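These are the residues of each chain, in order.
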Amino acid sequence: QVQLVESGGGLVQAGGSLRLSCAASGSIRSITMGWYRQAPGKQRELVARITSGGITNYADSAKGRFTISRDNAKNMVYLQMNSLKPEDTAVYYCVGRRLTRVEYDYWGQGTQVTVSS
């Protein structure tokens, strides 16, 4: 079992930037990683993902503003968030999915991101 721990959340003004980090307890070299977010009154949304080969995908709401990256040597995943909007306010979860799985089976504890207007 790979444990994931997020950090970097906090308060930021609209238009500002924030960088989230995800530390894994084991190797993530062969794991697709991503970031989910959950906001009250909204569906849980996969905002970004990155495959073991480094291919990235973004939700329409995040495209052009967010960048996901990974450092396999450090077992780290990052989410750079720019031009933040109040609607980005949510708990952000680092997630991982093994090649043989359909669901994301590794989840972090979440980190709160609050964007003020």
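Coordinates for the structure precede this section.
Parameters and conventions
- Residues numbered from 1 in each chain as written.
- Predicted model: local features only at pLDDT ≥ 70, side-chain atom pairs only at ≥ 80, totals over all residues.
- Heavy atoms only, no water.
- Helix = DSSP H or I, 4+ residues; strand = E, 2+ residues; numbered from the N terminus.
- Rg over C-alpha atoms; globule rule 2.2 N^0.38 Å.
- Buried < 20%, exposed > 50% of the residue type's maximum accessible area, 1.4 Å probe, protein only.
- Salt bridge = Lys/Arg side-chain N within 4 Å of Asp/Glu carboxyl O.
- Disulfide = S-S within 2.5 Å.
- Pairing = 2+ DSSP bridges.
- Axes fitted to C-alpha atoms, helices over the stretch in contact; angles between N-to-C directions.

Student: Outline the overall build of the protein, listing residues and values.
Tutor: The number of helices and strands found in the protein is zero helices and eleven strands. Along the protein, from the amino end to the carboxyl end, the secondary structure elements read β-β-β-β-β-β-β-β-β-β-β. For 117 residues, the compact-globule estimate of 2.2 N^0.38 gives 13 Å, and the protein sits close to it at 13 Å. Along the first, second and third principal axes, the C-alpha set of the protein runs to 40 × 25 × 25 Å. Relative to its full complement of 117 residues, the protein shows a buried share of 44%.

Student: Now, about unusual backbone geometry: what can you tell me, with residues and values included?
Tutor: For N75, which is not glycine, the phi torsion reads 55° and is therefore positive. Along the chain, N75 falls in the loop between β7 (66–71) and β8 (76–81).

Student: So what's going on with the pattern of salt bridges? Which residues, and what values?
Tutor: For the structure shown, the criterion picks out five salt bridges. The salt bridge involving R65 is made with D88; its shortest N-O contact spans 2.7 Å. Highlighted residues: R65 in the loop between β6 (56–58) and β7 and D88 in the loop between β8 and β9 (90–98), separated in sequence by 23 residues. Overall, R65 belongs to the buried group, its relative accessible area being 11%. For the salt bridge of D105 with R101, the shortest nitrogen-to-oxygen distance reads 3.7 Å. Classification of R101 as partly exposed rests on a relative accessible area of 37%. Linked by salt bridges that have partners in common, R37, E45, R65 and D88 make up one network.

Student: Explain the state of the cysteines to me, and be specific about the residues and the numbers.
Tutor: A complete count under the given rule lists one disulfide for this structure. Across the disulfide from C22 sits C94; the S-S distance is 2.0 Å. Since a negative S-S torsion denotes a left-handed disulfide, the C22-C94 link at about -80° is left-handed. Of this pair, C22 sits in strand β3 (residues 18–24) while C94 sits in strand β9, placing them 72 residues apart in sequence. Classification of C94 by relative accessible area gives buried; the value is 0%.

Student: Tell me about the sheet that holds β8, and please be specific about residues and values.
Tutor: The antiparallel open sheet is built from four strands, whose spatial order is β1-β3-β8-β7. The sheet is open, and its two edges are formed by β1 (4–7) and β7, each paired on a single side. If you compare each strand with its neighbour and ignore which way they point, the axes differ by 15° on average. Where β3 meets β8, six bridges bridge the pair, whose relative direction is antiparallel.

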